[in-house]
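Below are the chains, spelled out letter by letter.
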Amino acid sequence: MTSLRTPRLTLRRWREDDLEPMAAINADPEVMRCVVDGSVRDREQTAEVIARWEREWDERGVGLFAVEVRETGRLAGFTGLTVPDYLPEILPAVEIDWRLGRPFWGRGIATEAARAVLHFALRDRGLARVVGVHQVGNDASEAVMRKLGMRRERETVAPASGAPVRVHVLEA
Ligand SMILES: CC(C)(COP(=O)(O)OP(=O)(O)OC[C@H]1O[C@@H](n2cnc3c(N)ncnc32)[C@H](O)[C@@H]1OP(=O)(O)O)[C@@H](O)C(=O)NCCC(=O)NCCS
């Protein structure tokens, strides 16, 4: 089973008891404001997407980790690797993505988790390149990408949502 440890966090595969806290995160309009079309997801959609993330781990050997705060055992959200199928012009690519519940924002958790994921991607999995994509106006995500040392590569539009997005890149 793939898991990573950082000073404060455990990044691990998904468990059944992650559904409730992840569904609460996905139901928060402020969290979802800059995700695809900004719509929230319900419990059933969250269960489906967690099942898909688990399948991706099995099929691709990379995926999205559940991010747990070790001190409390609480699920903060996710960070990990996915394929940005919604942006065909940058494929083939592996994208680093993140989403945390609001109580966990502003404490460096996304950056700490994402650093471990990049190490996993570039060193353990031998990837040569990881991209990060955020909607224009998602300044917190852009700040995380900058702190991770990712370089801004281009600005474009995601065809399905029509949202302007910025693509950042980190090369091994
Ligand atoms: C993006 C997200 C994961 C960041 O999580 P986090 O743990 O708060 O991030 P960190 O604390 O590691 O770093 C955030 C940085 O953004 C900065 N920041 C936060 N809000 C900001 C804002 N509105 N404008 C500018 N900078 C902002 C913080 O100051 C910090 O930078 P600093 O360390 O240089 O001060 C979190 O806000 C989130 O889950 N957002 C909703 C989901 C989402 O947008 N996902 C990404 C889709 S691309």
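Residues numbered from 1 in each chain as written. Predicted model: local features only at pLDDT ≥ 70, side-chain atom pairs only at ≥ 80, totals over all residues. Heavy atoms only, no water.

### A short note on the pairing of strand S5 (residues 95–100)
Most of S5 sits out of view: 5 of its 6 residues are buried. Relative to S5, strand S4 (residues 74–82) runs antiparallel, the two sharing 6 bridges. Looking at S5, one finds that Leu81 is bridged to Ile96. (Buried < 20%, exposed > 50% of the residue type's maximum accessible area, 1.4 Å probe, protein only. Helix = DSSP H or I, 4+ residues; strand = E, 2+ residues; numbered from the N terminus. Pairing = 2+ DSSP bridges.)

### As for the site of the ligand
Not every one of the 21 residues close to the ligand is listed here, only the nearest: Leu100, Gly106, Gly108, Thr111 and Lys147. Between the ligand and Leu100, the relevant distance is 2.8 Å, taken from an oxygen atom to a main-chain nitrogen or oxygen of the residue. For the ligand, the protein covers 69% of the area, taking 970 Å² as the surface of the free molecule. For the shell around the ligand, the elements supplying multiple residues, two or more each, are S5, helix H4 (109–124), strand S6 (129–135) and helix H5 (139–147). A per-element tally of the shell around the ligand places H5 first, with 6 residues. In the shell around the ligand, the residues fall into 11 nonpolar, 6 polar and 4 charged. (Near = heavy atom within 4 Å. Polar contact = N/O pair within 3.5 Å; in protein donor to acceptor, adjacent residues only side chain to side chain. Areas by Shrake-Rupley, 256 points an atom, 1.4 Å probe, with all protein chains shown as cover. Nonpolar A, V, L, I, M, F, W, Y, C, P; charged D, E, K, R; others polar.)

### Overview of the pattern of salt bridges
With the rule as written, the count across this model stands at 20 salt bridges. A salt bridge links Arg43 to Glu20, with the shortest nitrogen-to-oxygen separation between them at 2.5 Å. Of the two residues, Arg43 sits in helix H3 (residues 43–60) while Glu20 sits in helix H1 (residues 19–26), which places them 23 residues apart along the sequence. Owing to a relative accessible area of 46%, Glu20 belongs among the partly exposed residues under this scheme. Each of Glu89, Arg129, Arg151, Glu153, Arg154 and Glu171 takes part in a single network of salt bridges with overlapping partners. (Salt bridge = Lys/Arg side-chain N within 4 Å of Asp/Glu carboxyl O.)

### What about the side chain of Thr156?
Along the chain, Thr156 turns up in strand S7 (residues 151–157). A polar contact is formed between the side chain of Thr156 and the side chain of Glu89, at a distance of 2.9 Å. Sequence-distant contacts of Thr156, that is, excluding residues within four places in its chain, are made with Leu87, Glu89, Ala163, Pro164, Val165 and Val167. (Contact = heavy atoms within 4.5 Å.)

### Observations regarding the pairing of strand S2 (residues 9–12)
Burial along S2 is two-sided: the residues Leu9 and Leu11 and Thr10 and Arg12 are all buried. Across 2 bridges, the pairing between strand S1 (residues 4–5) and S2 is antiparallel. Each bridged residue has a counterpart across the sheet, and for Leu4 the counterpart in S2 is Leu11. Taken together, S1 and the strand that follows it, S2, pair antiparallel across an intervening segment of 3 residues. Where S2 and strand S3 (residues 64–69) come together, 4 bridges link them in antiparallel fashion.

### Section: the packing of aromatic side chains
Per the stated rule, a full pass over the model turns up 5 aromatic pairs. Ring geometry for Trp53 against Phe78: centres 4.9 Å apart, planes inclined by 65°, an arrangement best described as edge-to-face. Of this pair, Trp53 sits in helix H3 while Phe78 is found in strand S4, placing the two residues 25 residues apart along the sequence. You'll find Trp53 and Phe78 in the same group, each marked buried. Both rings, one in Trp57 and one in Phe65, keep their centres 4.8 Å apart while their planes meet at 65°; by these two values the pair is edge-to-face. Each member of the pair, Trp57 as well as Phe65, carries the same accessibility label: buried. (Phe/Tyr/Trp six-rings, centres within 6.5 Å; stacked < 30°, edge-to-face > 60°.)

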